[in-house]
Protein chains: 4
Amino acid sequence: MRTGVWFIGARGSVAVTSIVGALALRAGLTEATGCVTELPELRSPALPGFADLVLGGHDIAETPLVKKADALAAAGVVPARLVDAVHDELVALEREVRPLPSAATQALTAAAITADLVAFRERHGLDHVVVVNVATTEPVPPAHPAHADLAALRAALDASGEVLPPSSLTAYAAFGAGCAYVDFTPSTGARLPALAELARAAGVPYAGHDGKTGETLVKSVLAPMFALRNLRVRTWSGVNLLGGGDGAALAEPGANAAKTASKQRVLGETLGYQPQGTTRIDFVDDLGDFKTAWDLITFSGFLGTAMRMEFTWHGCDSALAAPLVLDLARLAAAAHRAGRSGPLPELAFFFKDPIDAGTHSFGEQWSVLTAFVRGLDGGAA
Amino acid sequence: MRTGVWFIGARGSVAVTSIVGALALRAGLTEATGCVTELPELRSPALPGFADLVLGGHDIAETPLVKKADALAAAGVVPARLVDAVHDELVALEREVRPLPSAATQALTAAAITADLVAFRERHGLDHVVVVNVATTEPVPPAHPAHADLAALRAALDASGEVLPPSSLTAYAAFGAGCAYVDFTPSTGARLPALAELARAAGVPYAGHDGKTGETLVKSVLAPMFALRNLRVRTWSGVNLLGGGDGAALAEPGANAAKTASKQRVLGETLGYQPQGTTRIDFVDDLGDFKTAWDLITFSGFLGTAMRMEFTWHGCDSALAAPLVLDLARLAAAAHRAGRSGPLPELAFFFKDPIDAGTHSFGEQWSVLTAFVRGLDGGAA
Amino acid sequence: MRTGVWFIGARGSVAVTSIVGALALRAGLTEATGCVTELPELRSPALPGFADLVLGGHDIAETPLVKKADALAAAGVVPARLVDAVHDELVALEREVRPLPSAATQALTAAAITADLVAFRERHGLDHVVVVNVATTEPVPPAHPAHADLAALRAALDASGEVLPPSSLTAYAAFGAGCAYVDFTPSTGARLPALAELARAAGVPYAGHDGKTGETLVKSVLAPMFALRNLRVRTWSGVNLLGGGDGAALAEPGANAAKTASKQRVLGETLGYQPQGTTRIDFVDDLGDFKTAWDLITFSGFLGTAMRMEFTWHGCDSALAAPLVLDLARLAAAAHRAGRSGPLPELAFFFKDPIDAGTHSFGEQWSVLTAFVRGLDGGAA
Amino acid sequence: MRTGVWFIGARGSVAVTSIVGALALRAGLTEATGCVTELPELRSPALPGFADLVLGGHDIAETPLVKKADALAAAGVVPARLVDAVHDELVALEREVRPLPSAATQALTAAAITADLVAFRERHGLDHVVVVNVATTEPVPPAHPAHADLAALRAALDASGEVLPPSSLTAYAAFGAGCAYVDFTPSTGARLPALAELARAAGVPYAGHDGKTGETLVKSVLAPMFALRNLRVRTWSGVNLLGGGDGAALAEPGANAAKTASKQRVLGETLGYQPQGTTRIDFVDDLGDFKTAWDLITFSGFLGTAMRMEFTWHGCDSALAAPLVLDLARLAAAAHRAGRSGPLPELAFFFKDPIDAGTHSFGEQWSVLTAFVRGLDGGAA
Ligand SMILES: NC(=O)c1ccc[n+]([C@@H]2O[C@H](COP(=O)([O-])OP(=O)(O)OC[C@H]3O[C@@H](n4cnc5c(N)ncnc54)[C@H](O)[C@@H]3O)[C@@H](O)[C@H]2O)c1
Ligand SMILES: NC(=O)c1ccc[n+]([C@@H]2O[C@H](COP(=O)([O-])OP(=O)(O)OC[C@H]3O[C@@H](n4cnc5c(N)ncnc54)[C@H](O)[C@@H]3O)[C@@H](O)[C@H]2O)c1
Ligand SMILES: NC(=O)c1ccc[n+]([C@@H]2O[C@H](COP(=O)([O-])OP(=O)(O)OC[C@H]3O[C@@H](n4cnc5c(N)ncnc54)[C@H](O)[C@@H]3O)[C@@H](O)[C@H]2O)c1
Ligand SMILES: NC(=O)c1ccc[n+]([C@@H]2O[C@H](COP(=O)([O-])OP(=O)(O)OC[C@H]3O[C@@H](n4cnc5c(N)ncnc54)[C@H](O)[C@@H]3O)[C@@H](O)[C@H]2O)c1
Ligand code: NA
Ligand code: NA
C-alpha cells in the first residue's frame, strides 16, 4: 500500500516538520506522539504505515530542505539530533520537491501540476497520492461565476487571467490527476461547487479546512463545556501572537481576515449564538514558530452570576500540525482506496472550519472519526 | 408528580442558593441558566417540574435562611432583588428545616432522621423524596469491618461509638425511609458495600460523588483533548484559592486530602497515566464564595517538542453548584419513579468522582446522560 | 482655601465617580483609598481639603448626574448606598453642570467657556479653579501653523473653521479665565506651543497627559525592573478589552491610535529601545466599566536564556481614575497658589504620557512628587 | 585587583552557571546581560573586572563541572556552544573545587575550611576572596545560646555536636580567613550576633540573604505600586512550581518553610500590613531548572471597588541568579577593599530578605545601590 504524500508548500515549516518526522518515524528514531492514527481506537490495517509513505511536493521558495530543517532545529521545533539523523534522506528528497509550475493560462499551469503528480505516482509505483496544501494562507479571492460550474470553469481557465486562487488551482490539478486532496489551510482550496463536481467525477475524496491545532482546538472543547452546562457565554476575546513564516503571512490583512473568521466560527456554531468579542492575530517576529494565544471568556450562571475564565496556550504550531498532516494523508489515502469520493466530513476532528460538518464539538467529532475508521477497516478486511 | 428535595446542610451556601433559585424559578422571576435539565436534549416529561419541588432539610447550624440568603446577596452570589422577592417563602420554609437529630446510638439517630423524612413526605403528600447531601466535607473516616456487610452494620450501629461518618449515616437513614440519595460532596456518603446492599433492598437509587463545578469541570474537557490528540501531558499542577464556609472546611487537612484526591483522579483515569504535579486547595477568607483556580499543564508533542497551557477559572461555586443540585434532584426522582435502584452511573456528568463511571470524558458522559433521560422518557410515556 | 474643580466631560464615568467620591468623602462616608495625596508622605497643609472642593463642569451630553450615578452603581463601579446618600447633593449639582458652549467662531466659543468659568469662580468666591479634562478621547487633530504661536492662534480663532480640537480650545479658555488645567485624557489639550505661551503669560500651571491607571501603570513599574536587572526585553504585547463609554470611543480608529501610542511610549523611554509587539484596545461592550488587560513579555537573561512573564489586570477604570483626578485638582490648585505657571512635570507620577518628564520610572516619579509637595509645604508655611 | 570567588555549593546549578558565564565573559564570547554592575549607572573602576575573577569552591557532591555544565546545556539553561568553548577551562578548574572538610569538632572543620581559603588566596596571589554561599537551602536550625556571643561560640565549637548549621560554619570560617561573605540562600549564614561580632573584628564585610530572582523580584516592584497608589491589597497568594536540585531541596518541609517566610516578608514590610494569602513552593521534577510562578492579587480601590491582578513568571532560576552572584562578588570585594566591615545593607537590591534593610522598595534599593557604588568610586579614585 505505497502511498504518495505531495506537499503544496513543501519547503515551509509544517511540511518540513512533517517530512523530518515521517523519516524519523520510519527509521524508528522517535515515537508517534501527536499522531492520532496511532491511538488504539484508530489503529487500523486499512491505513498505510509510516514506512509506506513516499514524499514529494511543490513550493515557490528554493530554501534547501536541510537548511529549513536546521532552522527548525535552531528554533526548538524539531530536535537537532533527528535532523542530523535524516540528513542524507533530506538531501535525496530535494529531487522530489519541484518548483510550482506557472504557464500562460491557468489551464496550462494546472496541466503542468497534474503532469508532475502523475510522474511522481508512476516513478514510485504508488497506489495512491494525497496532495496536502500547507502553503501560505491566501487572501479570500474575489467571487467568479465560473466557480459554480465545472464546464464554465474549464472554459474560463483557458482564457488568460486568474480565475482560481492558487490553492483551488492545485485542487483542480490534483483531482485531474486522480489524487486525493487535503487542505490544511484556511485558503479556498476545493471549497467551490465546480471543484466538488470534479472530485465526484474523478472519484477522489477531499478534506479540509484549516488544521485545528491551538487556540481553536481549545475552543472546540471549552465551548461545548459551557453549552452542555447551560452556562451563558457573554464574551469570548482572544489574541494570537506568533512569528515565523505563517505569522508574517497572517500579518497581511486579507489572510488575517480569512483566518480570523475561521477561528470564531466554532463559537457561534457550538453555542447557538455569537458571544461578543473578537480574535486577533498579531505578528511578533521574535516569537518564531511558537505561538502564544490568550483568551478571555466571561459567562453568566445561575441567577445571572457573572464569572470568567482565561487561558494561555503556548504551542509550537508546526509540531502540532505535522503529525495531523501525516494522519490526514493516511486517512485520505485509505478513504480513496475504500472508494470514497467527494468531501470527507468525517475528518472534521482535524479542522477549524470543516466541510459539511454536522458538529463543532470535539467529542462528537471523535466519535464520528472512530466510526469512519472502523468502516474503512471493514472495507479493508 | 410532587417531589421532595431534602437538603443535608440546608443552611449552607449551596443549599440556600438552590432554595432561592428554586423559588425564583417557580415564580418565573429568573431563567434556568446553569440547569442542564432545561437544555433541549434533556427536557423531558419524565422529570418533575421546578414548580413540583417541595423543599426541606437538616442542618446543625441555626442561621436563619433569610440571613444566609442576604449574606449570599451581599457577596454577589445571588441578586438581592430575588432574595427580596422570595423573602416570605424563605421565612415560611424555616418550618421545614430541622436540626439534625442526635441520639444515644447511631441506630437511634438514624431512626430519628428517617422519621423526619417520612413525616416530610406524608405532610406534603409527596410521590418521592430525594435527600441531597450538601453538608460540610468530612475527613476520610477510619475503615470499619461493618462497612462491608449490612447485617454487621445494623448490629454495630446499635452499640455506642461512631461506626459511620455523618454522611453515611444520613444515606442509611434516607434508604431506610425509601428516599433516593444524592451526594454532592466528596464525603463517604453511600459509598460503602453495606449501603449499596441496603439501597438495592430498599429499591432506591443513589448518585454521587462531589459535584463537578470548577477546575475539575475544565479538567474533564481538557484532559480528553490532550488524550485524543495523542499529546503527552507531562505535568498538571493547580491551586484553588477560595473562602466561604466550604473554603474554611477544606482548610482542615483531612477534608483537604479527600477533596484533592477527588480532583486529581480525573487525570489518571482519562490519560491512562498520572502526570506529575498536584492540586492545592488554599483557604483565603477574603475571596468569599468566589473561587480562583489556576492550572499549569506542560505537555510534549511531535518529536518531543515541549509546550504548555495555563488557565485561570474565576467562578462562584455556589452559583455553579445550585442548578446542578436541582437537576440531580429531578433526575434522581425520575429514576426512582422509573423503578431504578442502586447506583446511577449515568449521572457521572455531574460528578468529580462518579460511582462506577466508565469514563471521565465529559463528551461521553453527556452521551450517556442523554440516553438515560430518553430511557426515562420511554418509561414516562 | 475654597477651590473649584470644573470637569470637562462632567457627565461621564470618571467625572461622576469623582463627584460621588468627593461628596462621600466630604460627608465622611468613605475612606480615601486610591487618593495618593492622603498618603503620609504627601499629606500637606498646602493642599485644599476634600471639604474645600466646589464642583461643576461642562458636558455635551444631558444625562442627569443621578441617572449616571445609578448606572455606575448598577455596574459595580460605586456602591449603591453611597449614591443614595449623596442623592440630594447630586440633584443640586445639576445647576453647576452646563452644556458646552458653541458659537460662530472658536474665539466666541472660547469666550463663552471663559465666561462660565469666571462666573463659577465668582458665584462661589473661589480662590482657584482647576479645569480637568475628562471628556471623550479625541482623534489626533491635523497640524495647523497657528498652533505654534499665540498671536497667530488668536487671529486664526477669529476666523471660521476648526483650528483647535475641543480639548485645546478648553485649555485656551481655561487659561484665559486664569484657571489651572489638568488633562487626564490622551487628547491634545494644552500640548501646543501657543498654549504653553498663553499659560505662562496668564500665570497658570497645567499638567497632563492621560491618567495612568491600568496596564500602563503596571508597565511603568515592570519595565524599570527589567531595565535595572539588565534583562533584555525582546517582545511586549498586550490587549486591553473594555466596554463603557471610554471603550466605545476608543473603538474609533483615530482615538485608538492616540491612546495606543501613549501606552507604548513608556517602554521605549524606560528601556532605551523599543521591544517588538503592540498594544491593542478592543471594545467589548459587555465588559462595561471594568477592563481586562493582558500583557505578554518575553525577555532574555544571562547567556541569552529565553524567559517570559505575563500578567492580567482586571480593574475598574473609573474607580482607579477618580481618586487621581481629585489628587490632581488638589495639587494643581496648590501649585497655582504657590505661584507656579506653565507645565508641571513633577506630576508625571499620574500620567501615561507626561509633559516634559525626565523619567518614566514610577519610583523616580514618586520621589519627584514627594519633593514637589514638600516644596509647596514650604510655600504654605 | 585579582579577586577570588569561592563558591560553597560549587557543583550546583547556580555556581556552575556562574562559572560558565564568568569564563565566557572573560573570553568575550557573550554579553553581560543580567549583570547589573554592567549598567552605565554602576560601571565603576572600583569593581574588579570579570577577567580579574579567580574561581574555586567547596561542595559535598562530586559531579564533575563539565558534566553539570552539559546537563545545564541540555536543560536550556546555558547554550551548548558556550559550554563547549570553555570545556578545557572547566576541566582545569576541577583542581580548585574541593570536598567540604569535615572533622571531629566544628572548630576543626572550620579550621580546615579556613585553611582551604587561605591556600587558595596565596596560591593565586589574590587581593581579596569573596565566599559566596550557593549551597542547598538548609532547614531553620534550632536556637543555641552560643549564637549570641562570639566567646561562647568559640567555646561551644570546640565541643562535639552541631552548634552552627553548615552555612553559618562556613561564614565563621570565611571571616576567620579574612574573606568577605555573601549569602545568596535563605539559610542562616552570617545572620547570628556572634558572627556579626566576628566580621567586625576581622574587618570583613558580608551581605545577604536569599537572591531575589523571580516571583519575589516582581513582588518587590508591584507591592510599592499598590502602596504608592494608596490601593488596598486584600489578598496575595502564589504558587511556585519548580524542579531541579533547588526544587528537590525545597520540597523538604523545613527548607520550604524557610524560603516561604522569606518570600512573604516583602509584602508586610512594603505595604505596612500583611494581606491574606500564602506562597506555596511545589516540586515538579519535570519542570527542571525553569520555574513557573503564579500570583493572584486582589485589591480594593476608591469607594471600595474590588479589582484583581494575576501574573505568571516563567524564568530560569539559575540564569537569573548567576549574573547577580558575579555582581555580588565584585561589589563585596570592592567594599572589602574600601575598608567596609560588617553587614552591607546597601546591597538589599539583590536580596529577598536583606540584612538591616530600610526598605523593600526596588526603586529605593536601586538609589541606595547607585550611591554605594559612587561612594566606592570615590574611595577608588
Ligand atoms: N502550523 C499550524 O498549526 C497550522 C494550523 C492550521 C493551518 N496552518 C496553515 O498551514 C500553512 C503553512 O504554515 P507554515 O507555518 O508551514 O507556513 P510557512 O510560511 O513556513 O510555509 C509556507 C510555504 O508555502 C510556500 N508557498 C507559498 N505560496 C505557495 C504556492 N502558491 N504554492 C506552493 N507553495 C507556496 C512558501 O514558499 C512556504 O515555503 C499556512 O497556510 C497555515 O495557515 C498551519
Ligand atoms: N459549591 C460547589 O461548587 C461544590 C462543588 C462540589 C462539592 N461541594 C460540596 O458541597 C458542600 C457544601 O458546600 P457549601 O459551600 O454550601 O458549604 P457551607 O459551609 O456553606 O455549608 C455547609 C452546611 O452544612 C452544615 N453541616 C455541617 N455538618 C453537617 C451535618 N453533619 N449535617 C447537616 N448539616 C451539616 C453546615 O452547618 C453548613 O450550613 C461541601 O461539602 C462542598 O465540598 C460544593
Ligand atoms: N478611566 C480611566 O482609567 C482613564 C485613564 C486615562 C484616561 N482616561 C480618559 O478619561 C476620559 C473620560 O473617560 P470616561 O470613562 O469617563 O468616558 P465617558 O465616555 O464615560 O465620559 C466622557 C464624557 O465626555 C463628554 N464629552 C465628549 N466630548 C465632550 C466635549 N467636547 N466637551 C465636554 N464633554 C464632552 C461625553 O458626553 C461624556 O459624558 C477619556 O478620554 C479617557 O480616555 C480615563
Ligand atoms: N537560582 C535562584 O534563582 C536562587 C535564588 C535565590 C536563592 N537561591 C539559592 O541558591 C542555592 C543554590 O541553588 P541551586 O539551584 O544551585 O541548587 P543545586 O541543588 O543545583 O546546588 C546546590 C549545591 O550545593 C551543594 N551542597 C549542599 N550542601 C552543601 C554544603 N553543606 N556545603 C557545600 N555544598 C553543599 C550540593 O551538593 C549542590 O551541588 C539554594 O539554596 C537556593 O535556594 C537560588
Ligand atoms: Na492568566
Ligand atoms: Na495567565
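Residues numbered from 1 in each chain as written. Chains lettered and ligands numbered in written order. Predicted model: local features only at pLDDT ≥ 70, side-chain atom pairs only at ≥ 80, totals over all residues. Heavy atoms only, no water.

**Focus on the overall build of chain A**
Helix and strand content of chain A: 13 helices and 11 strands. Against the 2.2 N^0.38 benchmark of 21 Å for 381 residues, chain A shows a C-alpha radius of gyration of 20 Å, consistent with a compact globule. Dimensions along the principal axes, computed over C-alpha positions, put chain A at roughly 65 × 50 × 45 Å. Among the 381 residues that make up chain A, the fraction classed as buried is 64%. Here the analysis covers contacts within chain A between residues at least 6 apart in sequence; of these, 77% occur between residues at least 24 apart. Charge-centre separation for chain A: the mean point of 30 positive side chains lies 5 Å from the mean point of 39 negative side chains. (Helix = DSSP H or I, 4+ residues; strand = E, 2+ residues; numbered from the N terminus. Rg over C-alpha atoms; globule rule 2.2 N^0.38 Å. Buried < 20%, exposed > 50% of the residue type's maximum accessible area, 1.4 Å probe, protein only. Contact = heavy atoms within 4.5 Å. Lys, Arg positive; Asp, Glu negative; His and termini not counted. Charge placed at Lys NZ, Arg CZ, Asp CG, Glu CD.)

**Remarks on the relation of the copies chain A and chain B**
Of the transformation placing chain A onto chain B, the axial shift is 0.0 Å and the rotation is 180°, giving an RMSD of 0.0 Å. On this basis, the relationship between the two copies can be described by a two-fold rotation axis. Taking C-alpha positions as reference, the residue of chain A nearest the rotation axis is A:Phe311, located at 2.0 Å. Mapped onto chain B, 100% of the interface residues of chain A are again interface residues, and the two copies thus contact each other with one and the same surface. (Least-squares fit on C-alpha atoms with pLDDT ≥ 70 in both.)

**Thoughts on the coordination of the sodium ion (ligand 6)**
Of the protein atoms, only B:Glu310 (OE) and C:Glu310 (OE) coordinate the sodium ion (ligand 6), at distances of 2.7 Å. Between the two metal centres, the sodium ion (ligand 6) and the sodium ion (ligand 5), the spacing is 1.9 Å. Of the two residues, B:Glu310 sits in strand S10 (residues 306-316) while C:Glu310 sits in strand S10 (residues 306-316), which places them in two different chains. Residues B:Glu310 and C:Glu310 agree in their burial class; the two are buried. (Donors = N, O, S within 2.8 Å, 3.2 Å for Na, K, Ca; no water.)

**A word on the packing of aromatic side chains**
Summed over all chains, the structure comprises 42 aromatic pairs over all chains. Taken together, a centroid distance of 6.1 Å and an interplanar angle of 80° make the contact between D:Phe175 and D:Tyr181 edge-to-face. By relative accessible area, D:Phe175 is classed as buried at 1%. Looking at D:Tyr181, the relative accessible area reads 1%, which means it is buried. Over the ring of A:Phe349 we find B:Arg229, and its NZ or CZ is 4.7 Å from the ring centre. (Phe/Tyr/Trp six-rings, centres within 6.5 Å; stacked < 30°, edge-to-face > 60°. Lys NZ or Arg CZ within 6 Å of the ring centre and 35° of its normal.)

**A look at the site of ligand 4**
Residue and element names in this part refer to chain D. Near ligand 4 there are 28 residues, and of these Val14, Asp59, Ala135, Thr137 and Thr213 occur at the shortest range. Alone, ligand 4 offers 850 Å² of accessible surface; in the complex the protein occludes 91% of this. Where the shell around ligand 4 is concerned, the elements lending two or more residues are helix H1 (13-26), helix H10 (244-250) and helix H12 (317-337). Counting residues per element, the shell around ligand 4 draws most heavily on H12, at three residues. Its residues assigned to classes, the shell around ligand 4 shows 11 nonpolar, 10 polar and seven charged. Composition of the shell around ligand 4 by domain shows at least three residues from each of domain 1 (3-210 + 319-377) and domain 2 (215-316). (Near = heavy atom within 4 Å. Areas by Shrake-Rupley, 256 points an atom, 1.4 Å probe, with all protein chains shown as cover. Nonpolar A, V, L, I, M, F, W, Y, C, P; charged D, E, K, R; others polar. Domains from an automatic or database assignment.)

**Details of the interface of chain C and chain D**
Across the boundary between the two partners, chain C contributes 58 residues, which contact 58 residues of chain D. Both faces combined, the contact of chain C with chain D buries some 4500 Å², and carbon together with sulfur accounts for 71% of it. Considering only the side of chain C, the residues that lose the most area to chain D are C:Arg229, C:Phe302 and C:Leu303, jointly responsible for 21% of the buried surface there. Where chain C touches chain D, the interface holds zero salt bridges. Here chain C is connected to chain D by 16 residue pairs in polar contact (both at pLDDT 80 or more). Where the side of chain C that touches chain D is concerned, the elements lending two or more residues are helix H1 (13-26), helix H9 (215-228), strand S9 (290-300), S10, helix H12 (317-337) and helix H13 (362-380) of chain C. The biggest single contributor to the side of chain C that touches chain D is S10(C), with 11 residues. For the side of chain C that touches chain D, a count of residues per class yields 39 nonpolar, 13 polar and six charged. In terms of strand pairing, S10(C) meets strand S10 (residues 306-316) of chain D through seven bridges, oriented antiparallel. (Buried area = accessible area lost by both parts, 1.4 Å probe. Salt bridge = Lys/Arg side-chain N within 4 Å of Asp/Glu carboxyl O. Polar contact = N/O pair within 3.5 Å; in protein donor to acceptor, adjacent residues only side chain to side chain. Pairing = 2+ DSSP bridges.)

**Considerations on the pattern of salt bridges**
The tally for this structure, following the rule as stated, stands at 48 salt bridges over all chains. Between A:Glu38 and A:Arg43 there is a salt bridge whose closest N-O contact spans 3.6 Å. A:Arg43 gets classed as exposed once you look at its relative accessible area, which sits at 53%. Residue C:Arg280 is joined to A:Asp282 by a salt bridge in which the shortest nitrogen-to-oxygen separation is 2.5 Å. In this pair, C:Arg280 sits in strand S8 (residues 279-283) while A:Asp282 sits in strand S8 (residues 279-283), so the two residues belong to two different chains. Looking at C:Arg280, the relative accessible area reads 25%, which means it is partly exposed. Among the charged side chains, a network of salt bridges with common partners joins A:Glu38, A:Arg43 and A:Arg330.

**Section: the interface of chain A and chain B**
Taken together, the contacts link 58 residues of chain A with 58 residues of chain B. Here chain A packs against chain B, burying approximately 4500 Å² in sum over the two surfaces, 71% of which is carbon and sulfur. Looking only at chain A, the three residues that lose the most surface to chain B are A:Arg229, A:Phe302 and A:Leu303, adding up to 21% of its buried area. At the boundary of chain A with chain B, the tally comes to zero salt bridges. Between the two partners, chain A and chain B, sit 16 residue pairs in polar contact (both at pLDDT 80 or more). Those elements giving two or more residues to the side of chain A that touches chain B turn out to be helix H1 (13-26), helix H9 (215-228), strand S9 (290-300), strand S10 (306-316), helix H12 (317-337) and helix H13 (362-380) of chain A. Ranked by residues supplied to the side of chain A that touches chain B, first place goes to S10(A) with 11 residues. Of the residues belonging to the side of chain A that touches chain B, the class tally is 39 nonpolar, 13 polar and six charged.

**Some thoughts on the site of ligand 1**
All names here are of chain A. Taken together, 28 residues sit near ligand 1, with Val14, Asp59, Ala135, Thr137 and Thr213 positioned nearest. Gly12 has a polar backbone atom sitting 3.3 Å from an oxygen atom of ligand 1. One of the backbone N or O atoms of Ser13 is found 2.9 Å from an oxygen atom in ligand 1. In the complex, the protein chains occlude 90% of the 850 Å² of accessible area that ligand 1 would expose alone. Elements supplying a minimum of two residues to the shell around ligand 1: H1, helix H10 (244-250) and H12. Element by element, the count of residues in the shell around ligand 1 is highest for H12, at three residues. The residue inventory of the shell around ligand 1, partitioned by class, reads 11 nonpolar, 10 polar and seven charged. Three or more residues apiece are contributed to the shell around ligand 1 by two domains, here domain 1 (3-210 + 319-377) and domain 2 (215-316).

**Overview of the packing of H1(D) against helix H2 (residues 65-74) of chain D**
Residues and elements named next belong to chain D. Running from N to C, H1 and H2 cross one another at 95°; their axes reach a closest spacing of 10 Å. Taken as axis vectors, H1 and H2 run roughly perpendicular relative to one another. Contact residues: Ser13, Val16, Thr17 and Val20 in H1; Leu65, Lys68, Ala69 and Leu72 in H2. Tallied by class, the residues present in the contact of H1 with H2 amount to five nonpolar, two polar and one charged. (Axes fitted to C-alpha atoms, helices over the stretch in contact; angles between N-to-C directions. Parallel < 35°, antiparallel > 145°, perpendicular 65-115°, else oblique.)

**A word on the sheet that holds strand S2 (residues 53-59) of chain B**
All names here are of chain B. One open sheet accounts for seven strands, arranged S3-S2-S1-S4-S5-S6-S11; its pairing is parallel. Strands at the two margins of the open sheet, each flanked by one partner only, are strand S3 (97-99) and strand S11 (342-343). Sheet topology places strand S1 (residues 3-8) next to strand S4 (residues 128-133); six bridges connect them, and they run parallel. Counted as the bridge partner of Phe7 is Val132 from S4. Its contacts with the sheet put helix H5 (residues 106-124) on S1, S2, S3 and S4, and the angle it makes with S2 is roughly 160°.

**Some thoughts on the UniProt feature "domain: Myo-inositol-1-phosphate synthase GAPDH-like" (unreviewed entry) in chain A**
When the UniProt feature table is mapped onto this chain, "domain: Myo-inositol-1-phosphate synthase GAPDH-like" (unreviewed entry) is found at residues 214-318 of chain A. Within residues 214-318 of chain A, the helical portion is 40% and the strand portion 36%, while the C-alpha atoms at the span's ends are 10 Å from each other. (UniProt positions renumbered as here; feature names shortened; annotations may be inferred.)

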